[in-house]
Amino acid sequence: METLKMYWMAFNTSLQAKLEYRVDFILGVVTSCMLQLAALGMLWIVLNQTKDLNGWTPEQLLLLFGVTAASLGTSELFFNHIWMLPYYVVMGELDRLLTYPVDSLYFLLITRPELHAFGNLVTGFTLATIALLRLHAPWYDWALLPVFIICGSLTYTSALVIFGSLSFKFIGPTSMHFMIPHTLLQATRYPLSIYPGWLQYGLLVVLPYGAFNFLPASFLFGKEIAPWIALAAPLASLFFLWEARLAWRWGINKYESTG
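Residue positions are counted from 1 within each chain, in the order its sequence is given. Totals for whole chains, interfaces and linings use every residue, but because this is a predicted model, local features are given only for residues with pLDDT of at least 70 and side-chain atom pairs only at 80 or more, for both listing and counting. Calculation of side-chain values draws on the structure's entire complement of heavy atoms; hydrogens and water are dropped beforehand.

Enquirer: Please clarify how the overall build of the chain should be interpreted in this entry.
Expert: For helices the rule is a DSSP run of H or I covering at least 4 residues; for strands it is a run of E covering at least 2, with both sets numbered from the N terminus onward. In terms of helices and strands, the chain carries 12 helices and zero strands. Listing each helix as α and each strand as β along the chain from the N terminus yields α-α-α-α-α-α-α-α-α-α-α-α. This radius of gyration counts C-alpha atoms alone. The globule rule is 2.2 Å times how many residues there are, raised to the power 0.38. Taking 18 Å as the expected radius of gyration for a compact globule of 259 residues, we find that the chain reaches 19 Å, a close match to that expectation. The principal-axis extent of the C-alpha atoms belonging to the chain is close to 60 × 40 × 35 Å. Residues counted as buried form 49% of the 259 residues belonging to the chain. When contacts within the chain are restricted to residue pairs at least 6 apart in sequence, long-range pairs at least 24 apart make up 80% of them. Only the protein chains shown count as cover for residues, and all accessible areas are computed by the Shrake-Rupley method using a 1.4 Å probe. Per element, the accessible surface of the chain, about 13,300 Å² overall, is 69% carbon and sulfur. Counting rule applied: Lys, Arg positive; Asp, Glu negative; His and chain ends not counted. Here the site of a charge means atom NZ of a Lys, CZ of an Arg, CG of an Asp or CD of a Glu. Looking at the chain, you have 13 positive and 14 negative side-chain charges, and the mean spots of the two groups are 1 Å apart. Throughout this description, buried means an accessible area under 20% of the type-specific maximum (1.4 Å probe, protein chains only), exposed means over 50%, and partly exposed covers the range between. The contact criterion used throughout is that any non-hydrogen atoms of two residues lie within 4.5 Å.

Enquirer: Sorry, what's going on with helix α9 (residues 179–186) here?
Expert: The α-helix advances 3.6 residues per turn, and as a result positions three or four apart in sequence lie on the same side. Taken residue by residue, α9 has Pro181, His182, Leu185 and Gln186 as its buried positions. Down the axis, α9 shows its buried residues gathered within 145° of arc, on one side only. Where α9 is buried, its residues contact α3 (58–78) and α8 (139–164). When we speak of the arc, we mean the arc of directions from the helix axis to the C-beta atoms.

Enquirer: Would you take a moment to explain the packing of helix α7 (residues 117–134) against α8 for this structure?
Expert: Two packed helices can be described by the angle between their axes and the distance between those axes. Axes here mean lines fitted to C-alpha atoms, for a helix over just the part in contact, with angles spanning 0 to 180 degrees between N-to-C directions. Put simply, α7 and α8 touch, their axes get as near as 11 Å, and they point 150° apart. As far as their axial angle goes, α8 and α7 are roughly antiparallel. In this structure, α7 meets α8 at a crossing whose hand is right-handed. Along the contact surface, α7 presents Phe125, Ala128, Thr129, Leu132 and Leu133, while α8 presents Asp141, Trp142, Leu145 and Ile149. Across the contact of α7 with α8, the residue classes break down as seven nonpolar, one polar and one charged. What sets the label is the angle itself: under 35 degrees gives roughly parallel, over 145 gives roughly antiparallel, 65 to 115 gives roughly perpendicular, and the rest give oblique. What makes a crossing left-handed is the near helix being turned counterclockwise from the far one by less than a right angle; a clockwise turn instead makes it right-handed. Three classes are used: nonpolar for Ala, Val, Leu, Ile, Met, Phe, Trp, Tyr, Cys and Pro, charged for Asp, Glu, Lys and Arg, and polar for all others, with Gly counted as polar.

Enquirer: Is there a simple way to think about the side chain of aspartate 141 in this case?
Expert: For aspartate 141, the position within the fold is in helix α8. For aspartate 141, the contacting residues outside a window of four places in its chain are Leu132 and Leu220.

Enquirer: I keep staring at the side chain of histidine 177 and nothing clicks. Help me out?
Expert: Looking at where histidine 177 falls in the secondary structure, it is placed in the loop between α8 and α9. Look past the residues within four positions of histidine 177 in its chain and what remains in contact with it is Pro86, Phe163, Gly164 and Ser167.

Enquirer: Please explain α8 as it appears in this structure.
Expert: In this scheme, a helix's expected span is set at 1.5 Å multiplied by one less than its residue total. Over its 26 residues, α8 extends 38 Å from the first C-alpha to the last, a length consistent with the 38 Å expected when each residue adds 1.5 Å. Taking the largest bend as the criterion, α8 deviates by roughly 25°, centred on leucine 145, and proline proline 146 comes between one and four positions later. One axis fitted to the seven residues ending at a residue, another fitted to the seven starting there: the angle between these axes is the bend at that residue.

Enquirer: I would appreciate a short explanation of a nonpolar patch on the surface in the present structure.
Expert: A surface patch of nonpolar side chains, amounting to about 380 Å² of accessible area, comprises Tyr87, Val90, Met91 and Ile171. Here isoleucine 171 lies in the loop between α8 and α9. The class for isoleucine 171 is exposed, based on a relative accessible area of 60%. Patch members must show over 30% relative accessible area and no salt bridge, and they are joined within 9 Å when carrying like charges or within 5 Å when they are nonpolar side chains of Val, Leu, Ile, Met, Phe, Trp or Tyr. By definition, a salt bridge exists where a carboxyl oxygen of Asp or Glu is found within 4 Å of a side-chain nitrogen of Lys or Arg.

Set out below in structure tokens:
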């Protein structure tokens, strides 16, 4: 319990420090909302040419889009500090973190919340809500929505940790390797069935993003998929969290500080 209080205090202190810059907060939220709406505009252009996308209606696609945006925003708000790992390795800043009486990975993740995350969260939840209302979704769809979003944020964060752990081996100040899991996350805005087989495999097995978005949505919308698939989201997120821990421990064992 004391450890959890320490994590919360660290996160809350970092968030309050960020919120001191109100203009930065407003610009970040507005910019992220505009980026999400721009991507939504591309989806609208596609749907203007066809009434559905491989059997997925506009409302169903809107739900996929919203879940992806909200999952991204949740990760950015609570676990964004992993993006700074390459800089910490190069500058030796990780030495200070490793002396703290807390888990180094968890403490690193929570101590740099990103303000534009609120824009992605608001956009994502708004789009998902509109989609469920237009679909006249039953109560259990509403109840499962936060579960899938949380699972999505954990899976995405785990992917960032795994790719980030490469910074311990391939040392450099750049964080471009984080763009691989980040870019692939955007692919889940659309149903995975429209992609070639190799990419579907990658997004269901290698980076199981489809487990929190495409698979449960396919089950909820009655697309001839087994009921147990609804468990794919929590199972995939737990397994990927375990893999992320292994990758982090491997990286820490490779860490040699500076000098």
